[in-house]
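One-letter residues, chain by chain:
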Amino acid sequence: MTDTTQATGQMTGSVLFYNQPEPLNLEQHGKLGVNPSDQPFGFVGASNLVPVTVTEFAPAALSYPVIFVGETQKQPAAVMGLRTAENFYVEADGRFRPDAYIPAYVRRYPFVFANDEAQDRLILCIDRSAPFLTEGGEMPLFVDGQPSDYTKQAMEFCNNFEQERQRTESFVKLLTELDLFEKREANFTPRNPDGSAGTPQKLADYFAVSEEKLKALPADKLTQLRDNGALGQIYAHLVSLLGWDRLIALAFSRAAETPQAANA
């Protein structure tokens, strides 16, 4: 169940990008609206990891490595930079590179669902700190005391995202039950001035699907993964890991543009 106008629940925990999430309601937000932003995705520029859902693996793989993070949760995430607070895909003007896939997690902002455990329902919330959310904004949140078409579309998008989030949890649970995950390292081997290989440098620790474990699965389990669509998503994830080289190239490109950063 979802609600907007009578929401009184509280968000628990923290949610990436949302600094001041509030349950959306007419009394508090009736005069607010959203203005077109000159920097629509500027809020993503300080994060090198962005969550993705399983059905996004294939399009995301064209732009980023898709990895799993967290010992227990194993949250799928697109890697957009090599260090915390670094993002190679969001430009200085707050826009994604034209060739980059924009995850649904980002596109739903500033809206998000919160779980109201006391009343067993989902509440549509909004990040009150979003810079493009202002009183009298061009796209109002409410019209004549009711959620506007813009807000209804946002709710539908968040509903769809919630379904995909649950599907992703089931996907991760299945892979965990089949013991398909393994710990991996992303490494980079620089070249010395004479062209010889330098000392390898570790870029990241993460979880990925083990190709060896996948090959060792019984035929009936492989058939199960194929028939429920999971096998295709697994292959998309594995192919995406080639994107570490792209990230390294982008890091060199960024350092060449700002030489002082390379010496920091």
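Placed above this text is the structure.
Since the model is a prediction, treat every value here as computed from it, not as a measurement.

Undergrad: Outline the overall build of the protein chain, listing residues and values.
TA: For the protein chain, the helix and strand inventory stands at nine helices and 14 strands. Each of the three principal axes of the protein chain carries a C-alpha extent, and together these read 70 × 55 × 30 Å. Residue burial in the protein chain is summarised as follows: out of 264 residues, 45% are buried. Considering only contacts in the protein chain between residues 6 or more positions apart, those separated by 24 or more positions represent 70%.

Undergrad: Please set out the pattern of salt bridges residue by residue, giving values where relevant.
TA: Applying the stated rule across the entire model yields twelve salt bridges. Of the charged contacts, one joins Glu164 and Arg167 as a salt bridge, the two residues approaching to 2.5 Å between their closest N and O atoms. Taken together, the positions of Glu164 and Arg167, both in helix H4 (residues 149-177) and three residues apart, correspond to about one turn of that helix. Here Lys202 ties to Glu185 by a salt bridge, and the two come within 3.9 Å at their closest N and O atoms. With a gap of 17 residues between them, Lys202 in strand E14 (residues 201-209) and Glu185 in strand E13 (residues 181-188) connect regions that are remote in the sequence. Salt bridges linked by common partners bring Glu162, Arg165 and Glu169 together as one network.

Undergrad: Which residues make up the pairing of strand E8 (residues 121-127), and what values do they have?
TA: Side-chain direction in a regular strand flips from residue to residue, so the side chains alternate between the two faces of the sheet. Here E8 lies mainly inside the structure; seven of its seven residues are buried. Residues Arg121, Ile123, Cys125 and Asp127 of E8 are buried on one face, and the alternating residues Leu122, Leu124 and Ile126, pointing to the opposite face, are buried as well. In terms of strand pairing, strand E7 (residues 111-116) meets E8 through six bridges, oriented antiparallel. Considered in E8, the bridge of Ala114 is made with Ile123. Linking two consecutive strands that pair antiparallel, namely E7 and E8, is a turn of four residues; a positive phi of about 50 degrees is found at Asp120 within it.

Undergrad: Provide a residue-level description of the nonpolar core, including the pertinent values.
TA: Of all hydrophobic cores here, the largest spans 74 residues; its most connected members are Phe96 and Leu225. Here the element with the most residues in this core is H4; it accounts for eight residues.

Cut-off values and rules
- In this convention, every chain numbers its residues from 1, walking through the sequence in written order.
- In keeping with the predicted nature of the model, local features appear solely for residues at pLDDT of at least 70, side-chain atom pairs appear and are counted solely at 80 or more, and the whole-chain, interface and lining totals rest on all residues.
- Excluding hydrogens and water, the side-chain figures rest on all heavy atoms present in the structure.
- Put simply, DSSP marks the helices as runs of H or I at least four residues long and the strands as runs of E at least two long, and each gets a number from the N terminus on.
- For each residue, the accessible area found with a 1.4 Å probe, counting protein chains only, is set against the maximum for its type, and the residue is called buried under 20%, exposed over 50%, and partly exposed in between.
- We call two residues contacting when some pair of their heavy atoms lies within 4.5 Å.
- Within this document, salt bridges are pairs made up of a side-chain nitrogen of Lys or Arg and a carboxyl oxygen of Asp or Glu, the two lying within 4 Å of each other.
- Here a strand pair is declared whenever DSSP counts at least two bridges between the two strands.
- The set of buried Ala, Val, Leu, Ile, Met, Phe, Trp, Tyr and Cys residues whose side-chain atoms join them within 4.5 Å is what this entry labels a nonpolar core.

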